[in-house]
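Tertiary structure, described
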Amino acid sequence: MNDTLRITEIFFSLQGETSRMGRPTVFVRLTGCPLRCGYCDSAYAFHGGKTMPFDDIIAEIRKHPTRTVCVTGGEPLAQKYSLAFLKRLADEGFDVSLETSGALAIDDVDARISRIVDIKTPGSGELAKMRWENLDAIRAGDEIKFVLCDRNDYEWARALLQEKALTERAPVLFSPVWETLPPAELATWVLEDGLPVRMQVQLHKILWGEKPGV
């Protein structure tokens, strides 16, 4: 069926990351991911889930008092009909962001969708799966995100920032791995180097801890 997706969960919370941090948002978490990052906080979405028609997913979204939607995973683009679903959301007037690993092509994502594109660092264990062509597809409204495990990741990201002129393409986010890299350390490094990035912490984990559905 070309109008269904495998869904792990749909929930209403505050956006904990990106420039949308703090905004009430409906999260649609799709099941499945081809990557196995060492710091993954949504491994429960690798398997299982429930097959739902687009109409039922959108009906669930409409139960909540916001037009802001985040499609996440897992890796949403790993599902065949995710592109059609993203277009459907935009057609219905939702303000939509997509969180994607950077390992799959983003070219065909509807232009009305804000794409949050990860760049996998050496510390993630999945650097080899990065699709570097995605950088050429970045457009206004997108954001580039680094999840950093340690100082080595930071220095690698800092060098790439300059080599690829990333901040000229889109806003760049630096995020410390939860309970691995102390946020104050990352903040100090960013300030010392005067990097033109947005440092972020995961607001939802500060508020509610590390658990599904928040």
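Each chain carries its own residue numbering, running from 1 in the direction its sequence is written. It should be noted that, the model being predicted, local features are given only for residues of pLDDT at least 70 and side-chain atom pairs only at 80 or more, the latter also being counted only at that level, while totals for whole chains, interfaces and linings use all residues. Each side-chain value is derived from all of the structure's non-hydrogen atoms; neither hydrogens nor water enter the calculation.

This part takes up the overall build of the protein chain. Of the regular secondary structure elements, the protein chain holds six helices and nine strands. Using C-alpha atoms as the atom set, the radius of gyration is obtained and then compared with a globule rule of 2.2 Å times the number of residues to the power 0.38. For the protein chain, whose C-alpha radius of gyration is 17 Å, the value lies close to the compact-globule estimate of 17 Å for 214 residues. For the protein chain, the spread of C-alpha atoms along the three principal axes comes to 50 × 35 × 30 Å. Here the protein chain, with 214 residues, has 50% of them falling under the buried criterion. Sequence separation of at least 24 residues holds for 69% of the intrachain contacts in the protein chain that already meet a minimum separation of 6. Throughout, the Shrake-Rupley method with a 1.4 Å probe supplies accessible areas, and for residues the shown protein chains are the sole cover considered. Accessible surface for the protein chain amounts to roughly 9,800 Å². Of this, 51% is attributable to carbon and sulfur atoms. Positive and negative charge centroids in the protein chain, built from 26 and 31 side chains respectively, lie 5 Å apart. Runs of E in the DSSP output that reach at least two residues are strands. Runs of H or I that reach at least four are helices, and both are numbered from the N terminus. Burial classes follow relative accessibility: with a 1.4 Å probe on protein chains only, a residue under 20% of its type's maximum area counts as buried, one over 50% as exposed, and anything between as partly exposed. Contact definition: two residues touch when any of their heavy atoms are within 4.5 Å. When charges are tallied, Lys and Arg are placed among the positive residues and Asp and Glu among the negative ones, while His and the ends of the chain are skipped. Every charge is mapped to an atom, namely NZ of Lys, CZ of Arg, CG of Asp or CD of Glu.

Note on ring pairs: Phe, Tyr and Trp rings are taken, using the six-membered ring of Trp, and paired if centres are within 6.5 Å. Classes follow the plane angle, with under 30 degrees stacked, over 60 edge-to-face and the rest tilted. Counted according to the given criterion, the structure contains seven aromatic pairs. The interplanar angle of 75° and the centroid separation of 6.3 Å between the aromatic rings of Phe146 and Trp156 together place this pair among those described as edge-to-face. Separated by ten residues along the polypeptide, Phe146 in strand β7 (residues 143-148) and Trp156 in helix α4 (residues 151-163) bring together distant segments of the chain. By relative accessible area, Trp156 is classed as partly exposed at 23%. On the numbers, 5.3 Å between centres and 50° between planes, the contact of Tyr154 with Trp189 is tilted.

Counting buried positions along strand β6 (residues 114-118) gives five out of five residues, so the element sits mostly inside the fold. Residues of β6 alternate between two faces, with Ser114, Ile116 and Asp118 on one and Arg115 and Val117 on the opposite face, all of them buried. Criterion used throughout: strands pair if DSSP finds at least two bridges between them. Here strand β5 (residues 95-100) pairs with β6 via four bridges, running parallel. In the sheet register, Leu98 faces β6, and the bridge partner there is Arg115. Bridge count for β6 against β7 is three bridges, and the pairing is parallel.

This next bit is on the side chain of Asp153. On the secondary structure map, Asp153 appears in helix α4. Note on definitions: salt bridges are taken to be side-chain nitrogens of Lys or Arg within 4 Å of carboxyl oxygens of Asp or Glu. Although Asp153 lies buried, it forms no salt bridge, and the closest oppositely charged side chain, Lys120, sits 10 Å away as judged by the N-O distance. Each polar contact in these results corresponds to two N or O atoms within 3.5 Å; when the atoms are within protein, one needs to be able to donate a hydrogen and the other to accept it, and residues that are neighboring in sequence are counted only if both atoms are side-chain atoms. Within the local environment of Asp153, its side chain forms a polar contact with the backbone nitrogen of Gly123, the two atoms lying 2.8 Å apart. If we ignore the near neighbours within four places in the chain, the residues touching Asp153 are Thr121, Pro122, Gly123, Ser124, Val147 and Leu148.

In these notes, a set of buried Ala, Val, Leu, Ile, Met, Phe, Trp, Tyr and Cys residues joined through side-chain atoms within 4.5 Å is what counts as a nonpolar core. Ranked by internal contacts, the top residues of the largest apolar core, which has 47 residues, are Phe85, Phe146 and Phe174. The contacts of Phe85, once residues within four sequence positions are left out, are Leu5, Val28, Phe54, Ile57, Ile58, Ile61 and Val71. In this structure, Cys33, Leu35, Ala103 and Val147 belong to the second largest nonpolar core, which totals nine residues.

Axis angles are defined between N-to-C directions and span 0 to 180 degrees, where every axis is a line fitted to C-alpha atoms and, for a helix, only to the segment in contact. Look at helix α1 (residues 54-61) against helix α2 (residues 82-91): their axes get within 11 Å of each other, and the N-to-C directions meet at 45°. By the criterion of interaxial angle, the relationship of α1 to α2 is oblique. Judged by the twist between their axes, the crossing of α1 over α2 is right-handed. Across from Phe54, Asp55, Ile57, Ile58 and Ile61 in α1, the residues of α2 making contact are Ala84, Phe85, Arg88 and Leu89. Gly counts as polar in this scheme, as do all residues outside two lists: the nonpolar Ala, Val, Leu, Ile, Met, Phe, Trp, Tyr, Cys and Pro, and the charged Asp, Glu, Lys and Arg. Tallied by class, the residues present in the contact of α1 with α2 amount to seven nonpolar, no polar and two charged. Orientation categories follow fixed angle ranges, with anything under 35 degrees roughly parallel, anything over 145 roughly antiparallel, 65 to 115 roughly perpendicular, and all other angles oblique. Rotating anticlockwise by less than a right angle from the far helix to the near helix defines a left-handed crossing, while the corresponding clockwise rotation defines a right-handed one.

Glancing now at helix α5 (residues 183-193). Inspection of α5 places Leu186, Trp189 and Val190 among the buried residues, and these make up the whole buried set. In an axial view of α5, the angular spread of the buried residues amounts to 95°, which keeps them on one side of the axis. Away from the buried face of α5 by more than 90 degrees, exposed residues Ala184, Leu191 and Glu192 are located. Turning to α5, the residues buried within the fold contact β7, α4, β8 (172-176) and β9 (198-199). A positive phi of about 60° marks Gly194, the residue just after α5. By construction, the arc corresponds to the directions joining the helix axis to the C-beta atoms.

Nothing here speaks to function; it is all geometry.
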